[in-house]
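Residue strings, one per chain:
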Amino acid sequence: VNAGANDAFVTYSGTSTATMNTSNANDMTLIATDNLGAFATGGNSTFTGTLDITANALTNTFALEANIINVTNNVGSTGLNINGGVVAGASLGTMANPATVINLTSVAGPINFTGILDFYGVTNINAPTGQDINVANNSLITGHDAVFVTGNAIVLSGNGKLIGAPLITDVGSIVNQTGSVT
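Residues numbered from 1 in each chain as written. Predicted model: local features only at pLDDT ≥ 70, side-chain atom pairs only at ≥ 80, totals over all residues. Heavy atoms only, no water.

Draft legend 1. Region of the structure containing the overall build of the chain. Secondary structure assignment for the chain yields zero helices and 20 strands. For 182 residues, the compact-globule estimate of 2.2 N^0.38 gives 16 Å, and the chain sits close to it at 15 Å. Across its three principal axes, the chain shows a C-alpha extent of roughly 45 × 30 × 25 Å. Classification of the 182 residues of the chain by burial places 47% in the buried group. Within the chain, contacts between residues at least 6 apart in sequence are counted, and of these 33% link residues at least 24 apart. When the accessible surface of the chain is summed, it comes to about 7600 Å², and 53% of that surface belongs to carbon and sulfur atoms. (Helix = DSSP H or I, 4+ residues; strand = E, 2+ residues; numbered from the N terminus. Rg over C-alpha atoms; globule rule 2.2 N^0.38 Å. Buried < 20%, exposed > 50% of the residue type's maximum accessible area, 1.4 Å probe, protein only. Contact = heavy atoms within 4.5 Å. Areas by Shrake-Rupley, 256 points an atom, 1.4 Å probe, with all protein chains shown as cover.)

Draft legend 2. Main features of a nonpolar patch on the surface. Together, Val-122, Phe-148 and Ile-168 give the surface a local cluster of nonpolar side chains, amounting to about 200 Å² of exposed area. Topologically, Ile-168 is positioned in strand E19 (residues 167–176). A relative accessible area of 34% places Ile-168 in the partly exposed class. (Patch = residues over 30% accessible without salt bridge, like charges linked within 9 Å, V, L, I, M, F, W, Y side chains within 5 Å. Salt bridge = Lys/Arg side-chain N within 4 Å of Asp/Glu carboxyl O.)

Draft legend 3. Region of the structure containing the side chain of Thr-41. Take Thr-41: it is sitting in strand E5 (residues 38–41). Looking at Thr-41, the relative accessible area reads 7%, which means it is buried. Polar contacts involving the side chain of Thr-41 include one to the main-chain amide nitrogen of Thr-61, which spans 3.0 Å. Residues in contact with Thr-41, not counting those within four places in the same chain, are Thr-19, Met-20, Thr-59, Asn-60, Thr-61, Phe-62 and Leu-64. (Polar contact = N/O pair within 3.5 Å; in protein donor to acceptor, adjacent residues only side chain to side chain.)

Draft legend 4. Seen up close, unusual backbone geometry. Omega for the peptide link from Ala-165 to Pro-166 comes to 0°, which places this bond in the cis form. Mapping Pro-166 onto the fold places it in the loop between strand E18 (161–163) and E19. For Asn-138, which is not glycine, the phi torsion reads 65° and is therefore positive. Residue position: Asn-138 is located in the loop between strand E15 (133–135) and strand E16 (140–143). According to the relative accessible area criterion, Asn-138 is exposed, its value standing at 55%.

Draft legend 5. Seen up close, the nonpolar core. Phe-39, Leu-104, Phe-113, Ile-125, Val-149 and Leu-162 are the most contacted members of the largest nonpolar core, which has 39 residues in total. Counting residues per element, this core draws most heavily on strand E17 (residues 147–156), at four residues. Discounting chain neighbours no more than four positions away, the residues touching Phe-39 are Tyr-12, Thr-17, Ala-18, Leu-30, Ile-31, Ala-32, Ile-53, Thr-54, Ala-55, Ala-57, Leu-58 and Thr-59. (Core = buried A, V, L, I, M, F, W, Y, C linked by side-chain atoms within 4.5 Å.)

Draft legend 6. Spotlight on the packing of aromatic side chains. Counted according to the given criterion, the structure contains two aromatic pairs. Seen in terms of ring centroids, Phe-113 and Phe-119 are 6.5 Å apart; in terms of plane orientation they differ by 65°. Their pairing is edge-to-face. For the pair Phe-113 and Phe-119, a shared accessibility class is recorded, and that class is buried. (Phe/Tyr/Trp six-rings, centres within 6.5 Å; stacked < 30°, edge-to-face > 60°.)

Draft legend 7. Structural context of the pairing of E16. Strand direction decides the pairing type here: strand E14 (residues 116–126) and E16, joined by four bridges, are parallel. Its bridge partner lying in E16, Ile-116 is registered against Leu-140. Inspection of the sheet shows E16 paired to E18 by three bridges, in the parallel sense. Opposite Leu-140, over in E18, you have Lys-161 as the bridge partner. (Pairing = 2+ DSSP bridges.)

Draft legend 8. Here's a closer look at the pairing of E14. Within E14, eight of the 11 residues are buried, which leaves it mostly tucked inside the rest of the structure. With four bridges connecting them, E14 and E17 associate as parallel partners. The partner of Thr-123 across the bridge, within E17, is Val-147.

As structure tokens, then:
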């Protein structure tokens, strides 16, 4: 989608994954209307306004840049899955917004992170009451600015890591095997 200075609105009603290739616009809204639909990035994308994504899963292996980035799942879903790159040392799965805010919010179910993800800008990770924030084994979730986490617990599997600069938590507990929260 290349809308230039205009806004773009995309609705996906399928049950698999829709890929957003390199895109640019002022504001971009992506909505997967089915609880099985997901979005993936197929190239670096830049938005001068707000990027709103509503889907139960986002696989981001490129760079997403916007003044505000909002990612949330559908009501009635089983959680919000945010997947990044899998190549250690690579800057895959970047959400960049040094000026304002990145909001990752589950309205139903836990938030599940896998892969390598980098967040530049204040990042809010919000799971609903009683739901966890899960970081999979071998995953590295790095906030290069302040990361605020709310939910029932942060659960790190294996050597999964969640890093913030600083990391500010409002969770009942941190459960980890060998991973770290910093």
